[in-house]
Each structure stands twice: as C-alpha cells, then as structure tokens.
Amino acid sequence: MTTKFSEVYDLFLGQMDDFELSQIDALELEDVLLKYLINATSNLQESMEDINNIDVANKDFGFNMVFVQKSIFAKAMKLEWLREKKYSAELMKKSYGDRDFTAVQGYNYLKELNNVELDLEKQIRLALIEYSYREEFMDWTTS
C-alpha cells in the first residue's frame, strides 16, 4: 500500500496556525499543498531515496512511508511555507523601505523569520540523520 499525499498534508496542517491557509478553498489548498510537497521533495531527495518515485497523478508516494518519513516531510513542507513567508516579507521590505517596513511588520520580523528558518533546517537535518541511522540499524537486523 502506498502513502497518499493527504497523510503528509494532514501532518503539515496540524503544525500550522496560518489564517491564510484556513481561508483557501479546498481545490486551491490542494494546489498550494502540492507545491510545498514538491519543493520539500527536492530538498529531501538525497536523504530519502524512495521519494524519487512520487506519483503526482495518483497523489501518492509510490511506496509505504513510515511515520518518521511522513513527519520529516511535513517539517520540510513547513520550511517551504516559511521560506515563502520570508520571501514575501523581503519583497515588502524592499517596496516599503526599511523605516516603513519596520513600522508595518514590527522591529525584528525578518530576523525572526531567519532564525526560525535556521532552526527548522537544523531540526530536519537532525531528523534525517536519526532516520538514516535507524534505517541502517534495521538493515543489520534483517541480514
């Protein structure tokens, strides 16, 4: 049995408190989530070999994912969401100028987004390392 994208979407949405996501209709939300998933896939390809076989037409991964893999994917999707927010904030800063942007967004908004991005990247890297050790150990027990 293959893992459906919706299983990872549910984990991702469970981590989010973005009001904008809750206002999107179901069809558009599916497109947004797919975009985050595909971008997350490109970031995880080297660490999880199996993800190269995703089937966008059937909305599944082509293999059965364990919970750890789903969780890592959801975090990677969250990272993509965060990068989108950061990019939007950077564009807003450029259009408003530093002083006006500070007044509109708050003093350290971009700095905090950068810190959260770095922290989330670190969490994903650590989870991938733990996952790779777990997979290696599992291979030892089956040999």
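Draft legend 1. Just the side chain of K70, in detail. On the secondary structure map, K70 appears in helix α4 (residues 67-96). When residues no more than four places from it in sequence are discounted, the contact partners of K70 are T3, E7, V8, L11 and M65.

Draft legend 2. Inspection of the packing of aromatic side chains at higher detail. Across all of its chains, the model carries five aromatic pairs by this definition. With a centroid separation of 6.2 Å and 50° between ring planes, the pair formed by F5 and Y9 is classed as tilted. Of this pair, F5 and Y9 are both found in helix α1 (residues 5-15), four residues apart, which corresponds to roughly one turn of the helix. Judged by its relative accessible area of 4%, Y9 is buried. Relative to F63, the ring of F61 lies with its centre 6.4 Å away and its plane at 70°, an arrangement referred to as edge-to-face. Its relative accessible area of 0% is what places F61 among the buried residues.

Here is what the cut-offs are and how they apply
- Position numbers for residues start from 1 in each chain and track the written sequence from start to end.
- Residues qualify for local features only when their pLDDT is at least 70, as the model is predicted, and side-chain atom pairs are given and counted only at 80 or more; totals for whole chains, interfaces and linings, by contrast, use all residues.
- Excluded from the side-chain calculation are hydrogens and water; included are all heavy atoms of the structure.
- Under the scheme used here, helices are H or I runs from DSSP no shorter than 4 residues and strands are E runs no shorter than 2 residues, and both carry numbers assigned from the N terminus.
- In this analysis, two residues are considered to be in contact whenever any of their non-hydrogen atoms come within 4.5 Å of each other.
- Only rings of Phe, Tyr and Trp enter the pairing, Trp through its six-membered ring, and a pair is recorded when the two centres are within 6.5 Å. The plane angle decides the type: under 30 degrees is stacked, over 60 is edge-to-face, the rest tilted.
- Classification of residues uses two cut-offs on accessible area relative to the type maximum, computed with a 1.4 Å probe and protein chains only: under 20% is buried, over 50% is exposed, and between them is partly exposed.

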